[in-house]
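Letter by letter, the chains look like this.
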Amino acid sequence: MILEVNGTAYDYFTDIGVNIRMDALCREFSFGTTLTAGKVLPFKGGEACRVLDDNDVIVTGFIERVDVKYSSSQHTLSFSGRDKTGDFVDSTLGMKSDFLPPITLKRTIELAVANIGADIKVVDLVKPDSFKTTTDIIAPEPGEGAFSFVEKLAKKRKVLLTSNGDGNIVITRAGADRSAGRIQNIIGADDNNVLSSSASYDTTARFYKYVFASALNVAALTKAGIVVPADVANQKGYSIDKSIRRSRQLTLQPASALDAKDNTARAEWEANVRKSRGRLYSCVVQGFREEEGGALWAVNKIVNIVDEFAGIEGDMRISAVAFSLEESGGSRTTLTCMSPEAFTLELAKPKTDKVGYELTTE
């Protein structure tokens, strides 16, 4: 694994770390090395860079922090950064008036990116429904975080916002792609590839019933020329997780106005994500690739796991990947896995309580 800064490749590092998560936008990296006395510090912070393994680009971003310790004999240098989407996470939006429905989520993100002046493209892998004139008024508050603004819209459409190796924003959902690798830790087997592993089963954040309730967007309906009845304020949807005792209920209000149908889907999403995060498996394997000469380990892939020590057997979804390189342990990858249904809309059949009329005007 190398670091390329302003077109120049560096490969003398003693430790390297790259973190990629399915439920987070930015890819993060860190590098460290020891320089002998007399060598010039090559980085000051703010440099454009790429992290690569062979010809695969893992991160495209910027060095954000540099720390130096030195003595009469050696310099210890460590630095870290994020991909280009880090600027989108940190920045706030100015006054904008062109977020007008009907508009796609991709176009909304592109406008937000343009507002902060970032060189970031938007890749839409799922093409969720556009926002409607009748139910949506999309307008960020002055000073609102750019990412927080689009993230609540992504949740409204039940999609995830991640980044790719080029530092661009990717709109995605849980996929069906399978990893070419396998995770094995069988007692007595001589072809195991798991160096260490752990499993956790946590129900503290799970509930039997998830309720989302909100009012329809009266301003949007009025703008569309619809007379709004008083009972339009009560739009509810809920989902049931039958594996949790009935005495646990969670009622939430969405960040933006939703009708009953969208509240139902939002409740189902919440239930499934919490269920998936309650069962985690993590392991460390040697190397960065699924198999020799194959692709890098990647998030959002289904992988088969047989780990007798952790009591796990079957398919799981890779939700986080952490690459590391150390002098003592060589190149290793930490994989965090959830159930295959993580981030999908497949739990129990949801219930809908609809009060008012059916919206049909686009």
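For every chain, the first residue of its written sequence is number 1, and the numbers climb from 1 along that sequence. The model is predicted, so local features are restricted to residues of pLDDT at least 70 and side-chain atom pairs to those at 80 or more, both for listing and for counting; the totals for chains, interfaces and linings are taken over all residues. Side-chain numbers here rest on the full set of heavy atoms in the structure, without hydrogens or water.

### Describing the state of the cysteines
Every disulfide links exactly two cysteines, by a covalent bond between their sulfur atoms.
Part 1 of the argument: Two cysteine sulfur atoms make up a disulfide if the distance between them is within 2.5 Å. In total, this model carries zero disulfides according to the counting rule given.
Part 2 of the argument: Note on cysteine 283: no disulfide assigned, nearest cysteine sulfur contributed by cysteine 337 at a separation of 5.8 Å.

### Digging into the pattern of salt bridges
Part 1 of the argument: Any Lys or Arg side-chain nitrogen located within 4 Å of an Asp or Glu carboxyl oxygen qualifies as a salt bridge. For the structure on display, the rule yields 15 salt bridges.
Part 2 of the argument: For arginine 178, the salt bridge is made with aspartate 315, and the minimal N-O distance between the two is 2.9 Å. In this pair, arginine 178 sits in strand 11 (residues 178-185) while aspartate 315 sits in strand 18 (residues 312-326), placing the two residues 137 residues apart along the sequence.
Part 3 of the argument: Using a 1.4 Å probe on the protein chains alone, a residue whose accessible area is under 20% of its type maximum counts as buried, one over 50% counts as exposed, and one in between counts as partly exposed. Looking at arginine 178, the relative accessible area reads 48%, which means it is partly exposed.
Part 4 of the argument: A salt bridge links lysine 301 to glutamate 290; its shortest N-O distance comes to 3.1 Å. Placement of lysine 301 in the loop between strand 16 (279-286) and strand 17 (302-307) and of glutamate 290 in the loop between strand 16 and strand 17 is noted, with a sequence separation of 11 residues between them. Each helix is a run of H or I in the DSSP string that is no shorter than four residues. Each strand is a run of E no shorter than two, and both are numbered from the N terminus.

### Regarding helix 5 (residues 260-277)
Part 1 of the argument: With 18 residues, helix 5 ought to run about 26 Å at 1.5 Å a step, and its terminal C-alpha atoms sit 26 Å apart, in line with that.
Part 2 of the argument: Buried residues dominate helix 5, accounting for 14 of its 18 residues. By this rule, a helix spans an expected 1.5 Å times one less than how many residues it contains.

### Digging into helix 2 (residues 105-116)
Part 1 of the argument: The first and last C-alpha atoms of helix 2 sit 17 Å apart over 12 residues, in line with the 16 Å expected at 1.5 Å per residue.
Part 2 of the argument: Burial in helix 2 covers these residues: Leu105, Thr108, Ile109, Leu111, Ala112 and Val113.
Part 3 of the argument: Residues are treated as being in contact if the distance between any of their heavy atoms lies within 4.5 Å. Its buried side turned inward, helix 2 meets helix 1 (85-90), strand 8 (122-124), helix 3 (146-156), strand 9 (160-163) and strand 10 (169-172).
Part 4 of the argument: Within two residues after helix 2, glycine 117 carries a phi angle of roughly 75°, on the positive side.

### Considerations on the side chain of lysine 301
Part 1 of the argument: Given a relative accessible area of 18%, lysine 301 falls into the buried group.
Part 2 of the argument: As used in this structure description, the phrase polar contact means that two N or O atoms lie within 3.5 Å; if the pair is within protein, one of them must be able to donate a hydrogen and the other to accept it, and residues adjacent in sequence are counted only when both atoms belong to side chains. For lysine 301, the side chain forms a polar contact with the side chain of glutamate 290, separated by 3.1 Å.

### With respect to the sheet that holds strand 8
Part 1 of the argument: In this description, strands pair whenever DSSP reports at least two bridges between them. An order of 8-10-9 is seen for the three strands of this open sheet, with the pairing classed as mixed. In the strand order of this sheet, the two ends are held by strand 8 and strand 9, each with one partner. Mean inter-strand twist for the sheet, computed between neighbouring axes without regard to direction, equals 25°.
Part 2 of the argument: Across four bridges, the pairing between strand 9 and strand 10 is antiparallel. Its bridge partner lying in strand 10, leucine 160 is registered against threonine 172. Here, axes are lines fitted to C-alpha atoms. For helices the fit covers the stretch in contact, and angles between N-to-C directions go from 0 to 180 degrees.

### Comments concerning the pairing of strand 9
Part 1 of the argument: Side chains Leu160 and Thr162 project from strand 9 onto one buried face, and the interleaved Leu161 and Ser163 project onto a second face that is buried too.
Part 2 of the argument: Connecting strand 9 to the next strand, strand 10, in antiparallel fashion are five residues, including glycine 167 with a positive phi near 80°.

### Focus on unusual backbone geometry
Part 1 of the argument: Look at lysine 127: it is not a glycine, yet its phi comes out positive at around 50°.
Part 2 of the argument: Residue asparagine 300 is not a glycine yet carries a positive backbone phi of 65°.
Part 3 of the argument: If you trace the backbone, asparagine 300 turns up in the loop between strand 16 and strand 17.

### Quick notes on the packing of helix 2 against helix 3
The axes of two packed helices give the description: the angle between them and the distance between them.
Part 1 of the argument: Across the interface, helix 2 lies against helix 3 with an axial gap of 10 Å and an inter-helix angle of 175°. Regarding the angle of helix 2 to helix 3, the classification is roughly antiparallel. Residue-level inspection shows Leu105, Thr108, Ile109, Ala112 and Ile116 of helix 2 in contact with helix 3, the latter providing Ala146, Phe149, Val150, Leu153 and Ala154. Each angle receives one of four descriptions, namely roughly parallel if under 35 degrees, roughly antiparallel if over 145, roughly perpendicular if within 65 to 115, and oblique otherwise.

### Focus on the environment of serine 198
Part 1 of the argument: Mapped onto the elements, serine 198 comes out in strand 12 (residues 194-201).
Part 2 of the argument: Since its relative accessible area comes to 41%, serine 198 is described here as partly exposed.
Part 3 of the argument: With sequence-adjacent residues up to four places away left out, serine 198 is seen in contact with Leu280, Tyr281 and Ser282.

Interpretation in functional terms is not warranted from these geometric data alone.
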